[in-house]
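Report on the structure
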Amino acid sequence: MQITVLQNLSGNASRISLSNGFMPGSSIGPNPGCSRFFMLLAAIIFLPQILFAQNGTLKGKITDKLTGDALTGATVTIVGTYKGSVADLDGNYVVKDIKHGDYTIRVSFVGFQDKQFTGIRIKKDEETFLNIALNESKTTMAEVEVIGEKAVVDLQSGKSEVTVGAADIKEMNVRNVQDVAALQNGVSVSPDGLQIRGGRVYETNYLVDGINAQDPLAGTGFGVNVASGSVQDVTVVTGGSDAEFNGTSGIILTKIKEGGDKTSFSGSWQRDNFGFNKMTGSAWNTDMAELNVGGTVPGTRNRLKYFVSGNMQLTDTYYRITADSLKSSILSDSKTLAPREDNSWANTIKLSYKFSDRTRITITNQHSLAINQNSRTLQIVGFNQIMQPGLQWAFSQDLEKAATYTHQSNLTAINLHHELGKTWILDVSLGRLFTNLRADANGRPFRDSTQDRIYDPRSVTTDPVQVFDPAHFNPDLQFADYRFVLPGPGLYNNGGISTVWHDHYVQEYTVKYKFTHYSNNKLHFLTLGQEHKEQQLQWIDVTSPWVGSPIKLADGSSTPSSSIGSSSDVWSVKPSTGNFFLQDEIKYKGIIAVIGARMEYWSYGKFADDAINNPLAPVDDATRKDYLSQSFKFADGRRYKMRLLPKLRVSFPVTENNVMYFNYGHSMRLQHPRYIYAGLDPVYQNRSQLANLGNPNLNPEVAVSYELGIKSQITRDLGITVTAYYKDYFDYAVSTTKRVLSYNSGTYTDRTFLVNQDYASVRGLEIGMNYRVSKVIRTAFNAAFQVARGKSNSSLESKNQIVTNGAVDLTREQYLAFDRPYDFKSTLIFMPDETWKIGNFVLKGFRMFVSATYKSGLRYTPEEAYDKNDLGRVLYQPITSQPYTKIGSDWFWTDVKITRDFKVFGAQLSASVQIDNIFNNKNAQIINPVTGRAYAYGDPLDSQDRDPVYSGPRDSGTPPGNPARFMTPRHILYGITFSF
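For every chain, the first residue of the written sequence is number 1, and numbering continues from 1 onward in sequence order. Totals for whole chains, interfaces and linings use all residues, but because this is a predicted model, local features are given only for residues with pLDDT of at least 70 and pairs of side-chain atoms are given and counted only at 80 or more. Computation of side-chain values covers all heavy atoms of the structure but excludes hydrogens and water.

**Some details on the overall build of the protein**
Think of it this way: any DSSP run of H or I at least four residues long counts as a helix, any run of E at least two long counts as a strand, and we number them from the N terminus. Across its full length, the protein carries eight helices and 51 strands. Residue burial in the protein is summarised as follows: out of 980 residues, 56% are buried. Within the protein, counting contacts between residues at least 6 apart in sequence, those at least 24 apart form 72% of the total. Whether a residue is buried, partly exposed or exposed follows from its accessible area with a 1.4 Å probe, protein chains only, as a fraction of its type maximum: under 20%, in between, or over 50%, in that order. Contacts: residue pairs with any heavy atoms within 4.5 Å of one another.

**Describing the sheet that holds strand 17 (residues 250–256)**
Here we have five strands laid out as an open sheet, ordered 11-16-17-14-15, and mixed in their pairing. Each edge of the open sheet carries a strand with a single partner, namely strand 11 (160–165) and strand 15 (211–212). Note that strand 14 (residues 204–208) and strand 15 share two bridges and pair antiparallel. Bridge pairing in strand 15 links Val208 to Ile211. When DSSP finds two or more bridges between a pair of strands, those strands are recorded as paired.

**Description of the environment of Lys123**
With respect to the secondary-structure elements, Lys123 resides in the loop between strand 7 (114–122) and strand 8 (127–129). Contact partners of Lys123, with chain neighbours within four places excluded, come to Asn55, Gly56, His100 and Thr128.

**Describing the packing of aromatic side chains**
Any two aromatic rings considered together are summarised by their centre-to-centre distance and by the angle between their planes. Side-chain rings of Phe, Tyr and Trp (the six-membered ring for Trp) are treated as a pair once their centres are within 6.5 Å; stacked means planes under 30 degrees apart, edge-to-face means over 60, and tilted covers the remaining angles. Throughout the structure, instances matching the rule amount to 33 aromatic pairs. Judged by centre distance (5.8 Å) and plane angle (40 degrees), the ring pair of Phe580 and Tyr601 falls under tilted. Note that Phe580 is positioned in strand 30 (residues 576–588) and Tyr601 in strand 31 (residues 591–603), a separation of 21 residues in sequence. Residue class for Tyr601 comes out buried when judged on its relative accessible area of 9%.

**Description of the pattern of salt bridges**
When a carboxyl oxygen of Asp or Glu lies within 4 Å of a side-chain nitrogen of Lys or Arg, that pair is called a salt bridge. A complete count under the given rule lists 43 salt bridges for this structure. For Asp823, the salt bridge identified is with Lys855, shortest N-O distance 3.6 Å. With Asp823 in strand 41 (residues 822–830) and Lys855 in strand 44 (residues 846–855), the pair connects residues that are 32 residues apart, well separated along the chain. Judged by relative accessible area, which is 7%, Asp823 ranks as buried. Classification of Lys855 by relative accessible area gives buried; the value is 1%. Through salt bridges with shared partners, one network takes in Asp209, Glu258, Lys350 and Arg360.

**A look at the nonpolar core**
By convention a nonpolar core is built from buried Ala, Val, Leu, Ile, Met, Phe, Trp, Tyr and Cys residues, the set being connected through side-chain atoms within 4.5 Å. Within the largest apolar cluster, 30 residues are counted, with the highest numbers of intra-cluster contacts made by Tyr206, Val226, Val234 and Ile252. Of all the secondary-structure elements, those providing two or more residues to this core are strand 11, helix 3 (177–182), strand 13 (193–196), strand 14, strand 16 (231–239), strand 17 and strand 23 (404–420). If one sorts the elements of this core by residue count, helix 3 sits on top with four residues. In contact with Ile252, not counting residues within four places along its chain, are Val177, Ala181, Ile196, Thr204, Asn205, Tyr206, Leu207, Phe222, Val234 and Thr235. Judged by nonpolar contacts, the second largest core, of 28 residues, contains Trp539, Val619, Ala733 and Leu754.

**Describing helix 5 (residues 606–613)**
Residues three or four positions apart in an α-helix share a direction because the helix packs 3.6 residues into each turn. The set of residues buried in helix 5 consists of Phe607, Ala608, Asp609, Ala611 and Ile612. Where helix 5 is buried, its residues touch strand 29 (567–573), helix 6 (621–629), strand 33 (639–655) and helix 7 (673–677).

**A short note on the packing of helix 5 against helix 6**
Where helix 5 meets helix 6, the closest approach of the two axes is 9 Å, and the angle between their N-to-C directions is 130 degrees. As far as their axial angle goes, helix 6 and helix 5 are oblique. Of the two elements, helix 5 crosses helix 6, and the hand of that crossing is left-handed. In this structure, helix 5 uses Ala608, Asp609, Ala611, Ile612 and Asn613 to contact helix 6, whose residues at the interface are Thr623, Arg624, Tyr627 and Leu628. Each residue is assigned to one of three groups, with Ala, Val, Leu, Ile, Met, Phe, Trp, Tyr, Cys and Pro labelled nonpolar, Asp, Glu, Lys and Arg labelled charged, and all others, Gly among them, labelled polar. Looking at side-chain class alone, the contact of helix 5 with helix 6 contains five nonpolar, two polar and two charged residues. Angles shown run from 0 to 180 degrees and are taken between the N-to-C directions of axes, each axis being a line fitted to C-alpha atoms and, for helices, limited to the stretch in contact. The labels follow the angle: roughly parallel below 35 degrees, roughly antiparallel above 145, roughly perpendicular from 65 to 115, and oblique for the rest. Handedness of a helix crossing follows the sense of rotation of the near helix relative to the far helix, less than a right angle counterclockwise being left-handed and clockwise being right-handed.

**Description of the pairing of strand 34 (residues 658–669)**
Counting buried positions along strand 34 gives ten out of twelve residues, so the element sits mostly inside the fold. Both strand 33 and strand 34 contribute to a ladder of eight bridges, which runs antiparallel. Directly across from Lys647, in strand 34, lies its bridge partner Gly665. Hairpin remark: strand 33 followed by strand 34, antiparallel, with two residues in the connecting loop; positive phi at Asn657, about 65 degrees. Alignment of strand 34 against strand 36 (residues 701–715), held across twelve bridges, turns out to be antiparallel. When the bridges of strand 36 are listed, Val659 appears paired with Lys711.

**Let's talk about unusual backbone geometry**
Residues other than glycine seldom take positive phi values, yet Asp97 does so here, at roughly 60 degrees. Among the secondary structure elements, Asp97 is positioned in strand 5 (residues 92–99). Owing to a relative accessible area of 41%, Asp97 belongs among the partly exposed residues under this scheme. With a phi angle near 55 degrees, Arg301 is a residue other than glycine that sits in the positive phi range. Among the structural elements, Arg301 can be located in the loop between strand 19 (287–296) and strand 20 (304–315).

**Digging into the pairing of strand 31**
Each regular strand displays side chains that alternate between the two surfaces of the sheet. Where strand 30 meets strand 31, 13 bridges bridge the pair, whose relative direction is antiparallel. Counted as the bridge partner of Phe580 is Met599 from strand 31. Counted between consecutive antiparallel strands, the loop separating strand 30 from strand 31 contains two residues, among which Lys589 sits at a positive phi close to 50 degrees. Strand direction decides the pairing type here: strand 31 and strand 33, joined by eleven bridges, are antiparallel. Bridge pairing in strand 33 links Ala593 to Val650.

**A word on a nonpolar patch on the surface**
Patches were defined on residues exceeding 30% relative accessible area and lacking a salt bridge, with like-charge contacts within 9 Å and nonpolar side-chain contacts (Val, Leu, Ile, Met, Phe, Trp, Tyr) within 5 Å. Residue burial considers only the protein chains on display, and all accessible areas are found by Shrake-Rupley using a 1.4 Å probe. A cluster of nonpolar side chains, namely Ile595, Leu648, Phe662, Tyr706, Leu708 and Tyr726, defines an oily patch on the protein surface of about 480 Å² accessible area. Residue placement: Tyr706 occurs in strand 36.

Below, the structure written as structure tokens:
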């Protein structure tokens with residue numbers, strides 16, 4: 001839906017001259033919320049309006065703005081109520097018995113552009129006059145002209161969503177789309193990424209200009225990185241999504257900027273140091289720069305517009321542990337592209353061409369590149385390492401030999417919008433997504449042609465080597481004739497290299513079409529369409545690639561190659577996915593009902609079909625039979641499965657300006673492809689004991705969600721949203737052991753096999769409040785409480801449960817490791833005008849943005865003491881009956897950005913100071929399960945951890961002083977921005 005907000009030259013909302021002298025206010029966009037005390041909160045919201053309600057009248061005349069003729073039959077709706085009116089033969093309308101308050105008035109007429117007035121105040125026992133002139137619609141009926149700023153809460157939507165526009169994004173302490181989403185209600189920041197309403201990080205559906213932008217193999221939830229300066233708006237949907245979209249956790253929709261009528265240049269540069277203090281205090285050698293240009297191509301009569309943007313973010317990270325240089329084996333110029341420890345680059349090109357008022361096309365290309373040593377860059381679904389930051393602490397003394405990750409993505413989106421008459425719209429989207437991720441030992445080749453040294457970093461005792469005398473701790477051993485060698489500090493410094501070698505790429509082509517139909521009376525809004533994707537996925541994952549390589553012998557000869565690493569997983573596949581969607585939005589006297597369905601279909605491709613039909617492939621007979629009986633063969637020769645996902649959304653007024661809404665919907669997500677294809681090739685497969693084996697009959701993960709909420713516009717400046725939600729997840733993958741026959745060797749081997757069996761549930765409450773304190777101060781507050789429980793956190797953990805319990809316990813639930821029970825966020829935007837002064841100093845030209853977050857810490861399994869060793873160290877062990885029942889120390893941080901604007905020779909300049917985590921709070925993201933907080937020297941530790949206080953010959957693991965045990969400390973960035 002296209003929305004036009006009329007503005008005056010100062011950028012503020014245009015004022016409407018009414019007979020009562022009223023001027024509508026401004027507000028920021030709504031945020032969703034929810035509560036266990038739902039009825040109590042509803043009563044608190046409604047009671048003042050019920051007790052003190054007085055009635056007024058709205059009247060006026062509706063005319064054609066061009067001719068002045070009366071528009072007989074035009075409808076006037078008081079949004080958030082059941083009330084409305086129809087214009088008579090003279091265009092006059094009257095709406096009586098309206099309770100005192102601030103309202104949004106919507107006016108519509110067939111063939112004319114809808115007009116919406118926000119913040120209209122109806123006073124008790126008074127008549128408010130509003131004469132309305134409508135413009136004839138040159139395009140679709142979806143276009144709405146909004147007089148006044150965006151309403152403080154959207155009473156016409158039953159979704160839990162918020163849209164953040166470019167103007168607000170400019171004021172925020174954000175660098176990319178992820179940062180914008182993290183500030184919204186229901187979105188939680190964790191060490192492994194963003195979680196929406198208790199879902200796993202990979203469950204978010206991320207789209208850029210309507211095309212999927214998520215790397216389906218990396219497992220991070222994101223793929224293409226979009227800098228905040230390239231964004232027109234970001235919409236975060238946490239509940240009640242349309243049938244057009246599918247996300248088991250949430251949906252993030254990003255729209256790229258377009259060029260304007262005039263050529264514009266803008267740019268920014270931020271850094272945290274002045275050259276002499278690059279790695280001291282609140283600086284760690286960070287530079288961020290952006291350059292944008294947009295406008296209209298000359299000679300095209302304002303039809304062809306362009307927007308071009310480039311962005312870089314370079315930093316040595318707050319760990320202050322860096323490699324001498326980062327190298328990538330897939331880039332020819334690593335030195336230029338990776339001068340720091342963490343390097344991100346992005347560029348955007350968008351062209352838009354307007355054929356006519358009814359037809360336009362846009363072409364977007366978004367490219368991003370990241371080079372770093374953050375192990376979270378590759379976050380394979382199902383790994384048992386949960387909620388850990390990505391610093392390779394074991395290699396911290398020699399990061400030159402640690403794993404380096406290179407992730408490049410390229411997205412092209414072509415969108416055609418064509419209006420078929422007054423009531424039908426056709427949207428066609430074509431997309432190509434390419435992502436490639438390489439992980440290697442800092443640019444080293446896969447493996448040398450021959451092996452003449454030890455590569456394993458754990459194979460040799462690390463320096464410094466010291467002798468341990470047990471008699472020092474136990475006098476009874478003073479005559480012992482043996483000594484021990486201490487195992488060193490626990491950090492790799494013996495010349496060994498990273499054991500990780502990984503390469504994958506995704507090439508995904510998307511075709512989508514959508515028809516939208518508006519009934520003549522505008523009571524029905526029908527959407528129907530189809531989306532189809534063809535993918536090519538290649539996966540190569542090798543552990544310790546030097547294992548099995550030829551060994552160079554003393555006589556100059558070498559042994560033959562025997563294997564690809566200690567374990568490997570190699571496959572190349574071409575799956576296909578798609579969906580049909582249908583939805584009808586019905587509006588009747590304030591009630592809005594949305595009924596829809598989405599039919600998903602998918603094929604795992606010829607690779608899976610061949611494995612089923614190949615007797616040499618390691619597939620058991622039961623899986624073959626189920627695969628053939630539960631799928632159907634389509635005309636293209638591939639076998640497909642289908643699933644129907646119903647959706648329902650209803651909203652209706654309960655009192656004036658108070659709308660209740662209910663959402664119910666099914667969604668699904670295909671399992672990580674590794675779970676489907678691993679080891680199925682009878683030639684290229686890992687035959688080691690308990691190696692992964694794919695299940696081509698594995699079904700998708702499914703989520704069923706319920707949501708009930710209230711949106712209330714208390715005044716024109718205050719809006720509150722309360723939402724309660726419940727979500728069930730089914731068919732998560734569970735690891736089990738299956739014995740399969742290896743036809744090459746003729747022997748049976750136990751393999752790790754996955755089946756659909758795990759489940760989880762999330763229930764929660766969210767409260768959101770938006771308040772415009774004055775024309776220059778806007779605030780928002782969000783509170784969320786949730787409980788996420790399930791049978792296990794990962795497929796590997798479920799397997800360990802089976803081993804421990806001896807059977808599958810389908811009734812046992814536990815708190816999930818990523819459950820964050822409470823999350824509070826608040827923001828404030830302060831943009832003073834000439835009336836704000838400090839003494840004689842006028843504050844106009846200053847801008848300030850403040851955001852604060854307070855949330856629960858990470859969950860962990862508590863430990864208890866059970867013994868003491870010879871060194872006097874108390875030994876601890878997990879309380880296995882209480883998995884993740886404890887919560888670590890809370891998180892709290894506050895970010896501040898202060899900007900000062902200047903005018904220099906017609907150009908707009910801004911100087912800024914941005915302080916992240918201004919109070920320098922230490923937020924623990926590696927929890928010591930004995931204490932429930934981050935490790936401090938002298939704290940007791942898990943028995944499996946190295947304790948520097950009690951150094952002994954049985955020490956193992958890395959030392960506990962990992963700097964990544966805390967989140968980012970205080971960080972000060974100084975910036976300059978220009979535009980003209």
